[in-house]
Structures are given as C-alpha cells and as structure tokens.
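# Coordinate inspection notes
Residues per chain, in single letters:
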Amino acid sequence: MSETTNIPRVVVIGLASCFGCQINITNIESHLMEVLGQIDVRYWQLTSSDTMPDEFDVAVIEGAATTKEALETLASVRERAKVVITIGACAATAGIPGMAAPEWQDRINDVYGDNTPAIVSDIACKPQAVHDVIKVDYEVPCCPIDPYAFVHVLQKALYGSNEYSRTSTMCGECKRNERGCFYGRGILCMGMITKQGCGARCPNLGRPCNGCAGLSPDANLDAARVVVQHSGVPLKRFNDALAMFNQDDPRIAL
Ligand code: SF4
Ligand code: SF4
Ligand code: SF4
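Residues numbered from 1 in each chain as written. Chains lettered and ligands numbered in written order. Predicted model: local features only at pLDDT ≥ 70, side-chain atom pairs only at ≥ 80, totals over all residues. Heavy atoms only, no water.

### Here's the deal with the site of ligand 3
Taken together, M170, T194, C198, R201, C202, P203, C209, N210, G211, C212 and A213 make up the full set of residues near ligand 3. Looking at the shell around ligand 3 residue by residue, the class counts come to seven nonpolar, three polar and one charged. (Near = heavy atom within 4 Å. Nonpolar A, V, L, I, M, F, W, Y, C, P; charged D, E, K, R; others polar.)

Put into structure tokens, the structure is as follows:
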C-alpha cells in the first residue's frame, strides 16, 4: 500500500492478448467508480500511454507471455508487487496464444517462411501462462473475464477472505440450472472437465462450454473421454478443444 495514503497503488498490464478482459473491466460502470475509489490506478495500459511507475502494490496482468521482454516485465513486476492478479484465460492458461506453444518455432516459420526477420527470432519465446513464469496470487478465469468476478477477486486481494476455494467441475452448476445436457444431443461440451465458477454461463445461454475457465483440479479426463465416445462426438474434437485453454497443463497429454 502507498505509505502516504494507504490506498493500494495498482497497475494494469497487457501482454499478448486481445485486450478484451481489460475492456470488460470497463463494462461495470456502476461498480467501477466504487472500485476506483478504493484503489489508486497508477498505470493502465489500455487507457493511457504513460509509462509504468517504479513502485506499486497490486499488479493486474492480462495476456500470455510470448516475448523475452514479457518474461523480463513479469520478473520485474513480481519483484515489486505485493499482489499479482491475472485476468483472463490468456494469462491463466496461455489461452489462444498458447495454442502455438507445442511447436511455436514452426509457427514463426509458417508466418515468415525462409525470411524470418532476425528481430522476430530474437524477441519471441514459447507462449506461456503467467503462473508458469512468476508466482500468481489470484486468478480471474475465463475468456473474457466476468467483470464482477474481477471485482470479487480484487476485493479478496485488497481486504483478504476466508472464502473456500472450490475445485469441482462445472456440470454441477449446469445441472442446477436445469437446462439438460448437450451430450444427450450428441454435442460436444467441455463443462465436464472445466473449473466451476462461471455459473455454467454458456450452457445456460444455449451454447456448449468451450472450457475457457481451464481444467478443473477434479477433472477426470479418462471418464470424460468415455462419455464423449458414447455420445457419438469424435474424440479428436474433444482433445482439440482441450488443447485450446490447457496448453500448459500436463494432464492433457495423451
Ligand atoms: S482471455 Fe479472451 S478476452 Fe481476455 S484477453 Fe485473452 S482472448 Fe481476449
Ligand atoms: S451441458 Fe455441459 S456443463 Fe452442462 S451437464 Fe452437460 S457436459 Fe456438463
Ligand atoms: S461456460 Fe465454459 S466457456 Fe462459458 S464462460 Fe463458463 S467456462 Fe467459459
């Protein structure tokens, strides 16, 4: 916290991302002013071209690390921040940028062919989730984040909480919504193995879950694959969908 005011000094940083999660924070106008009244936003990459200050208390990070500069930024942020919060699937799981992780150097060749500029080779690194580079204190999951989930996590970071951290998959939340299951219609849904917490937002809106909250600690991938096969959904589709938001999770290896 700032020594002079006791108001936490916050920086909001964007790495490789679409900035959608940062934009989503601005979608809670009514809460935002209350939130902003409790923090001192010293730097917000989306809203200002100011440079990042040397001192701050809380770092909010969106996006995956895909360059050596990003790795250095993360190390430097971790040294200075008392609390690090990641927002969104790109930061929490490497997300969409992470889909290039398994053969990331081949992806560069796909784009540039034999004419890869030296600068690209010099700056690029394997896409990584933030927690694979530095210690992360709090994560706001999903693609994009639920802005109210961000406020909830920020509140925990600022004031502490003894809230129980749930580990179960999303099907329980979905069942409580009484919307039926996509597998009964032979449609792929990743809720079986995805971290609960979003309230089964997509199935509740009539769309299957694509797993943007990442793999649940309780996920039983073997059992899920049996269900997928019994439902008539090609297993390859399930495995491909798994890779989208879980590149950094060794459990997805076949
Ligand atoms: S998690 Fe989704 S919405 Fe957020 S920055 Fe990444 S791609 Fe954009
Ligand atoms: S629709 Fe998806 S989240 Fe809902 S019960 Fe079926 S698999 Fe689970
Ligand atoms: S239902 Fe699935 S895809 Fe939709 S927000 Fe929740 S975790 Fe993400």
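### Some thoughts on the pattern of salt bridges
Evaluated as defined, the whole model comprises 12 salt bridges. Where D40 meets R42, a salt bridge forms, and the shortest distance between an N and an O atom there is 2.7 Å. Between D110 and R107 there is a salt bridge whose closest N-O contact spans 3.0 Å. Taken together, the residues D110 and R107, both in helix 6 (residues 104-112) and three residues apart, mark about one turn of the helix. (Salt bridge = Lys/Arg side-chain N within 4 Å of Asp/Glu carboxyl O. Helix = DSSP H or I, 4+ residues; strand = E, 2+ residues; numbered from the N terminus.)

### Considerations on the domain arrangement of the chain
On domain assignment, one finds that the chain holds domain 1 (9-159) and domain 2 (170-253). The gap between the C-alpha centroids of domain 1 and domain 2 is 25 Å. The interface of domain 1 with domain 2 comprises 17 residues on the first partner and 11 residues on the second. Counting each side, the surface lost to burial between domain 1 and domain 2 is near 1000 Å², with a carbon and sulfur contribution of 60%. For the domain 1 face of the interface with domain 2, the top three residues by lost area are T93, M99 and C142, together amounting to 43%. At the surface where domain 1 touches domain 2, the tally comes to one residue pair in polar contact (both at pLDDT 80 or more). (Domains from an automatic or database assignment. Contact = heavy atoms within 4.5 Å. Buried area = accessible area lost by both parts, 1.4 Å probe. Polar contact = N/O pair within 3.5 Å; in protein donor to acceptor, adjacent residues only side chain to side chain.)

### Considerations on the site of ligand 2
Taken together, M170, C171, C174, K175, C181, F182, Y183, C189, G191 and M192 form the complete shell of residues around ligand 2. By residue class, the composition of the shell around ligand 2 is eight nonpolar, one polar and one charged.

### Things to note about the packing of helix 11 (residues 221-231) against helix 12 (residues 235-244)
For the pair helix 11 and helix 12, interaxial distance at closest approach is 9 Å and the crossing angle is 140°. Taken as axis vectors, helix 11 and helix 12 run oblique relative to one another. For helix 11 against helix 12, the interelement crossing comes out right-handed. Note on element contacts: helix 12 touches helix 11 through L235, F238, N239 and L242, opposite L221, A224, R225, V228 and Q229. When the residues that make up the contact of helix 11 with helix 12 are grouped by side-chain class, the tally is six nonpolar, two polar and one charged. (Axes fitted to C-alpha atoms, helices over the stretch in contact; angles between N-to-C directions. Parallel < 35°, antiparallel > 145°, perpendicular 65-115°, else oblique. Left-handed = near helix turned anticlockwise from the far one by under 90°.)

### Examining unusual backbone geometry
In terms of backbone geometry, most residues other than glycine have negative phi values and most peptide bonds are trans. Backbone torsion omega between C143 and P144 reads -5°, so that peptide bond is classified as cis. Inspection of the secondary structure puts P144 in the loop between strand 7 (138-140) and helix 8 (147-159). Unlike most non-glycine residues, F19 shows phi in positive territory, near 70°. Structurally, F19 can be placed in the loop between strand 1 (9-14) and helix 1 (20-25). Of note, the phi angle at A200 is positive, near 55°, even though the residue is not glycine.

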